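Okay, here's what each chain looks like letter by letter:
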Amino acid sequence: MTAILPFQRLPLARLFRPASVAVIGDDPAAASVLANLRAGGFAGAIHAFAADQLDAPPAAPDLAVVATIGPPDAVLARLAALGTGAAILTGPAPATPGARPRFLGGHALGLMVPGLGLNASLAKPMPQPGPLALVGQSRGFARAVLDHAAAHGLGFSHVVGLGRNDDLGFTDTLDWLSRDPGTSAILLEVSRIKHRRGFLSAARAAARGRVVVAIRTAPDAPAPDALPADAVFEAALRRAGILTVDGLDAMLAALGTLTRARPLDGERIVVVSATRALGGLVARALAGQGIALAPPTEDAAQALEVLVPPGNAHANPVILGDDAPPNRLAEVAAALAGLRGAADAVIAVHVPEAAAPGVASPAAEALATAMAMPRRVPLLAVWPGEAGADRRRLDAAGIPAFPTPERAAAAAGLLVEHRRARQAARELPPRTVLSATPDRESVRRVLAVARRAGRTTLTEDEAFAVLAAYGIPTVPTRVARDAASVAAAAAALGVPVVLKVRSPDLPHKTAVGGVALELENEASVRLAAEAMTARVVRRAPEARLAGFLVQRQVGRRDAQELAIRLGRDPMFGATIGFGAGGTASALIGDRSVGLPPLNLPLAAELVRRSRIAGLLDGQRDRPVVDRAALTEVLVRISQLAVDWPDIAALDVNPLMAGPSGVMAVDAWIAIDPEPATGTAHLAIAPYPAELEETARLPDGRSATLRPIRPEDAEAHAAFFARLSPEDVRRRFFASIAALSAEQIARMTQIDYDREMAFIAAAPGPDGTPETLGVVRLVRDPAAPSAEFAVVVRSDLKGLGLGRTLMEKAIAWARVEGLQSITGEVLAENRPMIRFVERLGFALARHADDPELLTARLELNR
């Protein structure tokens with residue numbers, strides 16, 4: 001068995017854990033950084049050089065801070081020749097390519113690691129050590145957060161100022177922090193990213209076991225007709241399990257809540273209040289956050305009946321009454337928090353009472369004491385008035401306490417949104433999610449016809465043909481060449497009909513008078529066509545006209561107007577938006593945004609986040625919408641976006657939706673001049689279902705070999721439990737009794753662009769799939785190679801399963817263009833040594849550890 005590199009030996013260790021630091025340059029920034037380094041108490045060696053004094057340094061520093069006014073190319077080349085591990089550029093980035101160490105910057109604030117006394121930055125003073133990490137690009141934003149932290153006693157594990165993000169950036173930093181045991185929460189300030197997949201992959205890895213809160217600053221100017229950049233940013237980070245906020249106050253509030261309250265398992269929130277008035281204010285504030293209160297479960301009501309006035313145990317809020325003793329709030333909250341299934345969160349609402357100055361009240365003491373016992377769910381407290389001692393006591397007990405109902409409700413909203421983001425991060429749809437195969441050849445023909453005509457936009461009937469190829473219902477439509485032939489088309493469809501101008505240049509036909517509704521007879525259709533031609537020529541003289549479209553009139557009283565849009569974001573690539581439709585949709589601005597590929601759960605969540613979601617179940621004159629049909633169409637349009645990266649934009653508006661299904665009645669598609677393939681346009685790599693296969697093991701058993709999935713977490717924990725202690729030691733180079741939830745998540749929720757894990761699975765005695773073995777390949781981001789680890793369940797050795805898994809991993813590596821695979825093996829592990837030698841690996845002594853061997857397989861032979 002082999003192991004992946006331990007934390008201390010990761011490639012960026014010389015940046016984040018340097019033994020020596022050199023400050024180089026004549027810019028005034030060099031003096032500032034040098035003073036901060038010396039003031040911080042860094043125990044390693046500190047050197048200072050002018051830019052022209054690098055000919056004979058005493059030794060290559062692990063980390064160099066380069067503060068030059070002009071391009072640092074010569075300095076970086078010299079540092080690379082010396083073997084320096086990493087650099088921080090407080091000035092500009094290199095002007096030309098060349099050999100150089102990895103660097104932060106240009107124009108970076110620098111790096112602080114308070115636990116090491118390391119302040120290699122332009123900021124001072126260094127914050128106290130703590131569990132928070134700040135990663136961002138703006139120097140001003142970082143200083144604002146550090147000032148707030150100093151005033152509130154918050155400590156940091158790392159402060160990383162990336163600057164322009166020209167080399168080392170969010171991906172590398174998040175990879176490091178996701179493995180750092182001293183970091184429990186990460187604040188991200190993002191202006192721009194370079195590699196969307198790498199960023200989201202690293203962000204998802206970090207968010208598996210840590211709270212991550214992000215804010216976007218200085219977004220790019222939106223492209224014409226693009227979905228809102230902030231909404232795309234939120235959607236992208238939601239898929240990574242990260243909560244996004246829109247301001248510094250909101251970021252700090254989210255940090256305070258999410259780091260003190262355990263994550264939600266569900267969304268059932270129960271409010272407990274001494275008075276009906278304050279309880280009602282909390283319920284109203286929660287409703288403003290989109291959180292509806294459900295009555296307590298029957299088991300919870302029975303448990304509460306002895307604690308609350310008659311009839312109140314079945315209500316939410318649970319009202320205690322004015323004569324309740326001071327400890328009753330704690331008793332009821334503790335009962336709800338400790339009873340399985342009673343609540344997913346409890347909000348305890350206190351009525352102010354007289355208390356000695358600076359001393360916590362009996363109610364606060366009772367609640368803090370009760371919550372010190374193990375509890376299943378988070379507890380929030382509303383503690384109004386000048387109750388600073390009470391709130392401090394509760395905070396010390398791990399109970400977020402708020403002075404107003406509105407702040408507590410906002411905190412509950414953060415917990416709910418964080419839960420939904422974590423759920424979204426677990427969804428990894430495959431590249432193809434449709435049960436029926438789309439007619440991709442028809443789409444290819446339509447796009448080819450447009451390109452041969454020199455067009456990058458489709459006519460509406462061509463767009464309908466594309467939608468129909470993916471099983472999306474479209475309104476019955478006939479093409480009429482001219483005004484003389486529209487009447488025959490109307491007769492064939494049956495009146496009433498809708499008449500539209502046919503043109504690839506008019507995505508918004510209504511704006512130029514290119515749509516006529518409710519045409520009741522053939523004569524009115526012909527007259528409308530003649531008038532429409534004159535209007536469109538006058539209002540859009542540049543538009544190419546290609547006749548008319550005659551469509552069956554869809555009854556608008558029986559359906560709601562919705563809209564679906566595909567677009568491209570400069571930062572995150574392909575996007576899908578959903579919201580209210582019709583001519584006023586742009587003014588309403590209702591667009592919830594997601595990233596393809598979608599599956600049904602992600603499509604349902606996209607609908608839920610729209611403003612119009614509350615109307616889809618029917619309101620007054622609005623009919624009920626068939627949500628199953630709606631989410632199916634969203635999945636199909638998402639599949640269209642996955643399959644055709646050369647579709648630049650698509651607009652279905654309106655999509656008529658009602659109780660009997662959905663139908664597109666208008667559509668527009670823009671395409672790239674040249675065809676494209678692949679999935680590089682997707683920010684999140686789809687699950688590679690095409691790599692699944694069935695294999696017959698040498699003992700005759702059949703097993704499924706496939707990439708690992710998030711839902712394999714439980715089976716993976718059971719698999720680890722069936723490894724012998726010796727096999728665990730040989731796999732992890734340490735004795736481990738059990739894998740933590742974070743470790744299991746890291747192993748099962750992977751980014752297939754950056755690593756691959758194949759499992760062998762087969763049904764167990766009870767029919768439940770069991771994991772039999774796993775092989776893992778982790779790519780080297782700086783070279784075409786990967787590091788491998790393989791382990792087979794201890795009771796299944798000798799069946800050839802390990803070789804089967806390794807051969808699949810090696811075949812995948814060759815297809816991916818990797819040139820070598822390496823792994824580390826304990827020198828005492830003779831079975832593994834023989835195993836890798838039979839596979840063609842060459843063995844050599846490890847450069848740093850005499851107890852290890854390095855196994856290497858060259859793939860280009």
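Treat the numbers as computed from the prediction; the structure is a model and nothing was measured.

### What about helix H23 (residues 725–732)?
Within H23, burial applies to Asp727, Val728, Arg730 and Arg731. Down the axis of H23, the smallest arc covering the buried residues is 170°, so these residues share one side.

### Concerning the sheet that holds strand E19 (residues 477–480)
Spatially, four strands are ordered E19-E22-E20-E21 in an open sheet, and the strand pairing comes out antiparallel. The two strands at the open ends of the sheet, each matched to only one other strand, are E19 and strand E21 (515–519). Recorded for the sheet is a direction-independent mean angle of 20° between the axes of neighbouring strands. Pairing of strand E20 (residues 497–501) with E21, which is carried by three bridges, proceeds in the antiparallel orientation. Directly across from Leu499, in E21, lies its bridge partner Ala516. Each of E19, E20 and strand E22 (548–552) is contacted by helix H16 (residues 460–469), which is oriented at about 50° to E22, the strand it contacts most. Those strands touched by helix H17 (residues 486–493) are E19, E20 and E22, and its axis lies near 20° from that of E22.

### Focus on the packing of helix H8 (residues 248–258) against helix H14 (residues 405–426)
Any two packed helices are characterised by the angle at which their axes cross and by the distance between the axes. Viewed as axis vectors pointing N to C, H8 and H14 meet at an angle of 75°, and their least axial separation amounts to 10 Å. Classified by the angle between their axes, H8 and H14 sit roughly perpendicular to one another. Facing Ala253, Ala254, Thr257 and Leu258 of H8, the residues of H14 in contact are Ala411, Leu414, Leu415 and His418. Looking at the contact of H8 with H14, its residues break down into six nonpolar, two polar and no charged.

### Details of the pattern of salt bridges
Summed over all chains, the structure comprises 47 salt bridges. Glu417 is the salt-bridge partner of Arg420, the closest N and O atoms lying 3.2 Å from each other. With Arg420 and Glu417 both in helix H14 and three residues apart, the pair spans about one turn of that helix. Of the residues examined, Arg420 reaches a relative accessible area of 11% and is grouped as buried. Given the relative accessible area of 24%, Glu417 is considered partly exposed. Across the salt bridge formed by Arg793 and Asp795, the nearest N and O atoms sit 2.8 Å from each other. With relative accessibility at 5%, the residue Arg793 sits in the buried group.

### A look at the side chain of Arg502
Here Arg502 is to be found in the loop between E20 and E21. Given the relative accessible area of 16%, Arg502 is considered buried. Separated by 2.7 Å, the side chains of Arg502 and Asp461 make a polar contact.

### A word on helix H2 (residues 28–40)
Between its first and last C-alpha, H2 extends 19 Å over 13 residues, near the 18 Å set by a 1.5 Å rise per residue. Here H2 has its buried residues at Ala29, Ala30, Val33, Leu34, Asn36 and Leu37. Considered in projection along H2, the buried side chains sweep an arc of 165° and stay on one side of the axis. For H2, the exposed residues lying more than 90 degrees away from the buried face are Pro28, Ala31, Arg38 and Ala39. Where H2 is buried, its residues contact strand E2 (20–24), strand E3 (45–49), strand E4 (63–66) and strand E8 (118–121). Of the residues that open H2, the one with a side-chain oxygen 2.8 Å from the backbone nitrogen of Ala29 is Asp27. Residue Gly41 follows H2 closely and has a positive phi angle near 90°.

### Description of the sheet that holds strand E9 (residues 129–136)
Strand order in the open sheet formed by seven strands is E8-E7-E10-E9-E11-E12-E13, and the pairing between neighbours is mixed. Every other strand in the sheet has two partners, leaving E8 and strand E13 (243–245) as the edge strands with one partner each. Taking the axes of each pair of neighbouring strands and ignoring which way they run, one obtains an average angle of 15° across the sheet. Strand direction decides the pairing type here: strand E12 (residues 211–216) and E13, joined by three bridges, are parallel. Across the sheet, Val213 pairs through a bridge with Leu243, a residue of E13. The sheet strands contacting H8 are E9, strand E11 (185–190), E12 and E13, and the helix crosses E12 at an angle near 175°.

### Concerning the nonpolar core
As a rule of thumb, soluble globular proteins bury nonpolar side chains together. The biggest cluster of nonpolar side chains holds 158 residues, and the ones touching the most others in it are Leu188, Phe199, Leu200, Ile347 and Phe572. With residues near it in sequence (within four places) discarded, Ile347 still touches Ile269, Val270, Val271, Val272, Val282, Leu286, Leu380, Val382 and Ala412. Ranked by size, the runner-up nonpolar core spans 51 residues in total, among them Leu467, Ile472, Trp644 and Met656.

### Examining the pairing of E9
Here E9 runs beside strand E10 (residues 156–161); their pairing, made up of six bridges, is parallel. Pairing of Pro129 across the sheet is with Phe156, part of E10. Where E9 lies against E11, four bridges are found, and the strand directions are parallel. Bridge assignment links Leu132 to a residue of E11, and that residue is Ala185.

### Description of the environment of Ala348
With respect to the secondary-structure elements, Ala348 resides in strand E16 (residues 345–349). Assessed through its relative accessible area of 0%, Ala348 is described here as buried. On a C-alpha basis, the gap between Ala348 and Ile833 in space is 60 Å, while along the polypeptide they are 485 residues apart. When sequence neighbours within four positions are dropped, the list of residues in contact with Ala348 reads Val272, Leu329, Ala333, Leu367, Leu379, Leu380, Ala381 and Val382.

Conventions and cut-offs
Residues numbered from 1 in each chain as written. Predicted model: local features only at pLDDT ≥ 70, side-chain atom pairs only at ≥ 80, totals over all residues. Heavy atoms only, no water. Buried < 20%, exposed > 50% of the residue type's maximum accessible area, 1.4 Å probe, protein only. Helix = DSSP H or I, 4+ residues; strand = E, 2+ residues; numbered from the N terminus. Arc of directions from axis to C-beta. Pairing = 2+ DSSP bridges. Axes fitted to C-alpha atoms, helices over the stretch in contact; angles between N-to-C directions. Contact = heavy atoms within 4.5 Å. Parallel < 35°, antiparallel > 145°, perpendicular 65-115°, else oblique. Nonpolar A, V, L, I, M, F, W, Y, C, P; charged D, E, K, R; others polar. Salt bridge = Lys/Arg side-chain N within 4 Å of Asp/Glu carboxyl O. Polar contact = N/O pair within 3.5 Å; in protein donor to acceptor, adjacent residues only side chain to side chain. Expected span 1.5 Å × (residues − 1). Core = buried A, V, L, I, M, F, W, Y, C linked by side-chain atoms within 4.5 Å.

Structural measurements only, silent on function.
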